[in-house]
Amino acid sequence: MTSKQRVVVIGAGLAGVRLAQRLGELGVPALLIGEEEHRPYNRVLLAEVLAGRYGPEVAALPAAGELVRARVTGIDRAARTVRCADGSAIAYGTLVLATGSNPVLPSLRGLFTPDHVLPEGVHAFRTMDDCLGLSKSVRPGVRAVVIGGGLLGVSAARALAARGAQVVLAQQAERLMERQLDPAASRLVHRHLTDLGVEVHTECRVRDVRCAGGAVRAVELADGYALDADLVVLACGVRPRTGLAVDAGLDVGKGVLVDDELRTCDPHVRAIGDCAQHAGTVYGLAAPALDQADALAGLLAGDTRARYTGTRALTRLTLTGQALTSDAPAGPAPFDLAAFGDPDPLPGDDVVQLADATRGTYRKVVVRGDRLVGGVLVGELGTVGALARAWEGAEPLPAAGAPLLHLLTNDGGS
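Residues numbered from 1 in each chain as written. Predicted model: local features only at pLDDT ≥ 70, side-chain atom pairs only at ≥ 80, totals over all residues. Heavy atoms only, no water.

Focus: the nonpolar core
Counting 48 residues, the largest nonpolar core has Leu19, Ile75, Val82, Leu95, Leu97 and Ile272 as the members making the most contacts within it. Look past the residues within four positions of Ile272 in its chain and what remains in contact with it is Ala15, Leu19, Val96, Leu97, Ala98, Leu262, Gln292, Ala293 and Leu296. Within the second largest apolar cluster, 44 residues are counted, among which are Leu50, Ala165, Met177 and Val198. (Core = buried A, V, L, I, M, F, W, Y, C linked by side-chain atoms within 4.5 Å. Buried < 20%, exposed > 50% of the residue type's maximum accessible area, 1.4 Å probe, protein only. Contact = heavy atoms within 4.5 Å.)

Structure follows, in structure tokens:
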């Protein structure tokens, strides 16, 4: 295969590595371009690395294809080459954008130094470098403020608490993980964090980061209340990384626009993972990224029937217990949750709900007509496999209510 025929993938994250793996299995060589110095890794495990449960090597992804360490600065679609920061150019036959996403950095006074860098003690939480830098700063008793109470913020707060930090979590919305969970499940997550010693503030807006000597000292809320801080973690969401696509003149909405063949407006350029927008949706989750990589591998290997038609994605958060670092106190008990579809019922929907306040478990599913349209489980996930299959298949449920209750109260083969 000549350089003009080969598949070049920009991005060595979960989507890019999975694509290279699948292409290798199908006999199609791929060249991965990754700008991070670390071996490709699974971002899903960063919270466990921060907690000290795993070393960075555990998060590493299996080797796949040829990997070049470089930062891509531009795409020449006419010449079908990518330009790198070191001045080199790499030719491609098919280019795949798997550039992922960047952390959202909020507009706060004092967030950046005059040199436009984050002050000492302020960390994004997106890359392995972010994780390792934050980990070096954590010690028992350190005062840490996590800004953002979504999936990433909850994971970061729990990891810091497992390392013995005094953690405050500031969430602008009225409850934690409001995009995935219903109010009852959010309350259980809130209780779990407070049981670990995390101070949770909801419906509060951060307006200022106070620094002295180039290092963070406090976080000020909109009501004027100040939270002392040695560390600040920014967990305010992510944004698709589309700069290269925009500069190259590709069609971009929230993400790089692709069709069912993961093809952009240029037939020689595809996009997958967090940077891609398919049928109006930017998923930003691992499962859709893997599905897209598998579909694209089939297409590039010559399977004319392969298509990506969307993913019914389940959000899963599994937080293990004892941290392995020597400076950490005894770790908290494992905590699991899963959410899928829409857990908020509409008028006329049927809801089956089981809760055990003593054990801190909660299970709820929403049925619309004869279809399972959403659900949330906290604490015990033995039934999640059967529920997820029923939801993902979008098939009619049994007419009687007992089988659905059976799905909530038994393993169901998960």
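And the narrative resumes.
Side note on the sheet that holds strand S7 (residues 94-97)
Taken together, five strands build an open sheet; the order of strands is S3-S2-S1-S7-S19 and the sheet is parallel. Among the strands making up the open sheet, the edge pair consists of strand S3 (66-69) and strand S19 (269-271). Sheet twist, expressed as the mean angle between neighbouring strand axes with direction ignored, is 25°. The sheet contacts of helix H1 (residues 14-25) involve strand S1 (7-10), strand S2 (30-34) and S7, and relative to S2 the element is tilted by about 165°. (Pairing = 2+ DSSP bridges. Helix = DSSP H or I, 4+ residues; strand = E, 2+ residues; numbered from the N terminus. Axes fitted to C-alpha atoms, helices over the stretch in contact; angles between N-to-C directions.)

What about H1?
Across its 12 residues, H1 extends 17 Å between first and last C-alpha, which sits within 8% of the 16 Å expected from 1.5 Å per residue. Here H1 has its buried residues at Ala15, Gly16, Val17, Arg18, Leu19, Ala20 and Leu23. Its buried side turned inward, H1 meets S1, S2, S7 and helix H7 (286-300). The first or second residue beyond H1 is Gly27, which carries a positive phi of 80°. (Expected span 1.5 Å × (residues − 1).)

Here's the deal with the sheet that holds strand S14 (residues 215-221)
Reading across the sheet, the three strands line up as S13-S14-S15 and stay open at both edges, with antiparallel pairing between neighbours. The open sheet has two edge strands, strand S13 (206-212) and strand S15 (226-228), and neither has a second partner. Averaged over all adjacent pairs, the angle separating strand axes in this sheet is 30°, with direction ignored. Examined bridge by bridge, S14 and S15 share three bridges and lie antiparallel to one another. By the bridge assignment for S15, Glu220 is matched with Ala226.

Side note on the packing of aromatic side chains
Enumeration over the complete set of coordinates arrives at two aromatic pairs. On the numbers, 5.2 Å between centres and 45° between planes, the contact of Phe340 with Trp391 is tilted. Linking Phe340 in strand S22 (residues 335-341) with Trp391 in helix H8 (residues 384-393), this pair joins segments that are 51 residues apart in sequence. By relative accessible area, which is 1% here, Phe340 ends up buried. (Phe/Tyr/Trp six-rings, centres within 6.5 Å; stacked < 30°, edge-to-face > 60°.)

A closer look at the pattern of salt bridges
Where side chains of opposite charge bring their charged atoms close, a pairing between them can arise. Summed over all chains, the structure comprises 18 salt bridges. Among the salt bridges present, the one from Asp228 reaches Arg143, with a minimum N-O distance of 3.6 Å. Linking Asp228 in strand S15 with Arg143 in strand S10 (residues 143-147), this pair joins segments that are 85 residues apart in sequence. One salt bridge connects Asp230 with Arg143, and the closest N-O pair in it is separated by 3.0 Å. Here Asp230, found in the loop between S15 and strand S16 (231-234), pairs with Arg143, found in strand S10; they are 87 residues apart in sequence, far enough to count as distant. According to the relative accessible area criterion, Asp230 is partly exposed, its value standing at 28%. Arg143 gets classed as partly exposed once you look at its relative accessible area, which sits at 30%. Three or more residues are tied together by salt bridges with common partners; here these are Arg18, Arg22, Glu25 and Asp294. (Salt bridge = Lys/Arg side-chain N within 4 Å of Asp/Glu carboxyl O.)

Section: the environment of Val167
One can find Val167 in strand S11 (residues 166-170). Residue class for Val167 comes out buried when judged on its relative accessible area of 3%. In sequence terms Val167 and Asp115 are 52 residues apart; their C-alpha atoms lie 28 Å from each other. Ignoring sequence-local partners within four residues, the contact set of Val167 consists of Ala144, Val146, Ala157, Leu160, Ala161, Gly197, Val198 and Glu199.

Any functional reading would require information that these geometric values do not contain.
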